[in-house]
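# Residue-level structural notes
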Amino acid sequence: MLTTTVKALMTYVCPSAARRKNRRDKVTIIGAGSVGVALAYTLLTQKKTSELVLIDKSEEQLQGEHMDMIQGAMFMESPRITSTTDYHKTVDSCVVIITVGAVMQEDENEMDAAKRNAEILKEIVPAIVKESPEAVVVVMTQPVDICSYIVWKLSKFPAHRVIGSGTCLQSANFKSLIAERLGVSPSAVQACIIGEPGQKSIPVWSGVTICGVRLKDINADIGTDEDPEDWNYIHKEIVKNSNCIKSIKGHEALSMAQAMAKITSAILEDTRECMPVSTHIRGCRHKDSDAGDRKDVYLSLPCILSSCGVSYIVRQQLTEKEKNLLQKSADKMNEIQSGLDLTLSEMYANK
Ligand SMILES: NC(=O)c1ccc[n+]([C@@H]2O[C@H](COP(=O)([O-])OP(=O)(O)OC[C@H]3O[C@@H](n4cnc5c(N)ncnc54)[C@H](O)[C@@H]3O)[C@@H](O)[C@H]2O)c1
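Every value quoted in this text rests on a predicted model; they were computed, and no experiment measured them.

Another aspect to go through is helix α8 (residues 233-249). For α8, with 17 residues, the first-to-last C-alpha span of 24 Å sits near the 24 Å given by 1.5 Å per residue. Every buried residue belonging to α8 is among Ile 234, His 235, Ile 238, Val 239 and Ser 242, and all of these are buried. All buried residues of α8 fall inside an arc of 145° around its axis, so they share one side. Within α8, the exposed residues directed more than 90 degrees away from the buried face are Lys 236, Lys 240 and Ile 248. On the buried face of α8, the contacting elements are α6 (168-182), β9 (193-194) and β10 (202-203).

Applying the stated rule across the entire model yields one disulfide. Linked covalently through their sulfurs, Cys 14 and Cys 308 form a disulfide whose S-S length is 2.4 Å. With a gap of 294 residues between them, Cys 14 in the loop between β1 (10-12) and β2 (26-30) and Cys 308 in the loop between β14 (297-306) and β15 (309-314) connect regions that are remote in the sequence. In this structure Cys 14 comes out as buried when scored by relative accessible area, which is 1%. Here Cys 192 is not cross-linked by a disulfide; its sulfur's nearest cysteine counterpart is in Cys 274, at 7.2 Å.

Attention now moves to the packing of aromatic side chains. Under the counting rule described, the total for this entry stands at five aromatic pairs. Ring geometry for Phe 174 against Trp 205: centres 4.9 Å apart, planes inclined by 80°, an arrangement best described as edge-to-face. Taken together, the residues Phe 174 in helix α6 and Trp 205 in the loop between β10 and β11 (209-210) connect sequence positions 31 residues apart. Taken as a pair, Phe 174 and Trp 205 share a single burial class, namely buried.

With that out of the way, let us pick up the sheet that holds β11. Taken in spatial order, the three strands line up as β8-β11-β12 in an open sheet, and their pairing is antiparallel. The sheet is open, and its two borders are formed by β8 (189-190) and β12 (213-214), each paired with just one other strand. Here β11 runs beside β12; their pairing, made up of two bridges, is antiparallel. Considered in β12, the bridge of Ile 210 is made with Val 213.

The subject of this paragraph is the nonpolar core. Counting residues in hydrophobic clusters, the biggest one holds 83 residues, and the most contacted among them are Ile 29, Ile 97, Leu 121 and Leu 305. When residues of this core are assigned to their parent elements, the largest contribution, ten residues, is made by helix α9 (residues 253-268). Counting contributing residues, this core receives three or more from each of domain 1 (11-166) and domain 2 (168-337). What Leu 305 contacts, discounting residues up to four positions off in sequence, is Ile 163, Ile 263, Ala 266, Thr 271, Arg 272, Glu 273, Met 275, Val 277 and Val 310.

Below, the discussion takes up the pairing of strand β5 (residues 95-98). Residue alternation in β5 divides its side chains into two sets, Val 95 and Ile 97 and Val 96 and Ile 98, and both sets are buried. The sheet contact formed by β2 and β5 spans four bridges and is parallel. Residue Ile 30 lies in a different strand from β5, and its bridge partner there is Ile 98. Sheet topology places β5 next to strand β6 (residues 136-139); four bridges connect them, and they run parallel.

Moving on, we get to the side chain of Ser 201. By the element assignment, Ser 201 lies in the loop between β9 and β10. Side chain to side chain, Ser 201 and His 235 meet in a polar contact 2.8 Å long.

Often the size quoted for an interface is simply the accessible area lost on bringing the parts together. In terms of domain boundaries, the protein chain breaks down into domain 1 (11-166) and domain 2 (168-337). The distance between the C-alpha centroids of domain 1 and domain 2 comes to 22 Å. Where domain 1 abuts domain 2, roughly 3900 Å² becomes buried across the two surfaces, and 63% of that area is made up of carbon and sulfur atoms. It is Thr 11, Asp 145 and Tyr 149 in domain 1 that bury the most area against domain 2; as a group they hold 16% of the surface buried on that side. As a salt-bridge pair, Glu 110 and Lys 332 come within 2.9 Å of each other at their nearest N and O atoms. Across the domain 1-domain 2 interface, the total number found is 13 residue pairs in polar contact (both at pLDDT 80 or more). Elements that contribute at least two residues to the side of domain 1 that touches domain 2 include exactly β1, α2 (34-45), β5, α4 (110-131), β6, α5 (144-155) and β7 (162-164). Here the side of domain 1 that touches domain 2 is built from residues that sort into 26 nonpolar, ten polar and eleven charged.

With that settled, consider α6. Because each turn of an α-helix spans 3.6 residues, side chains separated by three or four positions in sequence point in the same direction. A rise of 1.5 Å per residue sets the reference length of α6, with its 15 residues, at 21 Å; its end C-alpha atoms lie 21 Å apart and thus fit the reference within 8%. Turning to α6, its buried residues number three or more, namely Cys 168, Leu 169, Gln 170, Ser 171, Phe 174, Ile 178 and Ala 179. Of the residues one or two after α6, Gly 183 is the one with positive phi, at around 75°.

Let's shift gears to the pairing of strand β4 (residues 80-84). Relative to β4, strand β3 (residues 51-55) is paired through five bridges, and the arrangement is parallel. Bridge pairing links Val 53 to Thr 82 in β4. Handedness of the β-α-β unit built from β3, helix α3 (residues 59-71) and β4 comes out right-handed.

The rules behind these values
Residues numbered from 1 in each chain as written. Predicted model: local features only at pLDDT ≥ 70, side-chain atom pairs only at ≥ 80, totals over all residues. Heavy atoms only, no water. Helix = DSSP H or I, 4+ residues; strand = E, 2+ residues; numbered from the N terminus. Expected span 1.5 Å × (residues − 1). Buried < 20%, exposed > 50% of the residue type's maximum accessible area, 1.4 Å probe, protein only. Arc of directions from axis to C-beta. Contact = heavy atoms within 4.5 Å. Disulfide = S-S within 2.5 Å. Phe/Tyr/Trp six-rings, centres within 6.5 Å; stacked < 30°, edge-to-face > 60°. Pairing = 2+ DSSP bridges. Core = buried A, V, L, I, M, F, W, Y, C linked by side-chain atoms within 4.5 Å. Domains from an automatic or database assignment. Polar contact = N/O pair within 3.5 Å; in protein donor to acceptor, adjacent residues only side chain to side chain. Buried area = accessible area lost by both parts, 1.4 Å probe. Salt bridge = Lys/Arg side-chain N within 4 Å of Asp/Glu carboxyl O. Nonpolar A, V, L, I, M, F, W, Y, C, P; charged D, E, K, R; others polar. Right-handed = clockwise from strand over helix to strand, strands pointing away.

Printed below as a string of structure tokens:
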């Protein structure tokens, strides 16, 4: 029975937050590139899984990564590691993490990247559904909100079982830079970045609290252009640093792997942790009042993660400006989604 406070605080998403009867921890990572391998290694060294399957289309790549991991397996309590091109080996995975697809190029727009990666996702999603129909799928392929939407549509999974990595890493940076400026531990800071990742992400300054004290109550203009202390330089710094890492080494594989390990363990261990991840948002007020699935988009919001994926979305009390920015992102997602062809060819549909 939900109390009034719980109802006002969070939107109930998952039809049953019941814990799985048979706890398992099999994880599949699809894509053995920089991000997939960094994540595999992080999950193994943090002992988050005892059974890991790594899938890629390149056998040579898989062989190299597999031999390297197996050599060190004894130091990781000898987990079962399978590296394969055969999806049947992924059967009954608890969590499937998608890291396939080439990194977005600097001059590439999101529509082109979405179309390019949609073709790859059409190839792999039917195989995931066939082998692990109960899995929670976590999408890392960029543009992550659009790719999460594509996976949700192709899989026909309930929306709470398809999650995108979203703004979880940016939010963690947001907390730690606020903490650094205040000279406190990040654990004293509650703060998050929502919407889409990158430059258009929305730092929710109105909701930043330190041990329950709202910074906006002390500095009414915090994070705005009128802020005398220019706190928003923190958000600019996060975006700049992320772009800098990408231009120097091509990807943020190591830090993303840490964030993803946290999301994965929240699902495997049913921790009910609150993390901003890309989730299905229903009922966005798009400009055209057309009903139907045009209103479905994926964007990051703070979610309670459990064994069923997203159990709740926390209802934030956003300012009008923050709401408008979120709406702008939703409108953009809607526009990109309407340009996608998500019909599965027979070859993949019957996989
Ligand atoms: N969500 C995030 O915050 C975040 C952060 C970093 C990277 N990424 C994204 O993760 C993705 C992977 O990045 P990366 O640096 O590891 O790229 P990468 O090129 O190093 O690796 C991609 C891998 O996918 C494999 N692959 C491609 N098509 C496949 C298919 N049909 N079936 C199986 N495997 C296939 C390739 O063989 C390759 O090994 C990119 O889309 C990137 O933009 C997301």
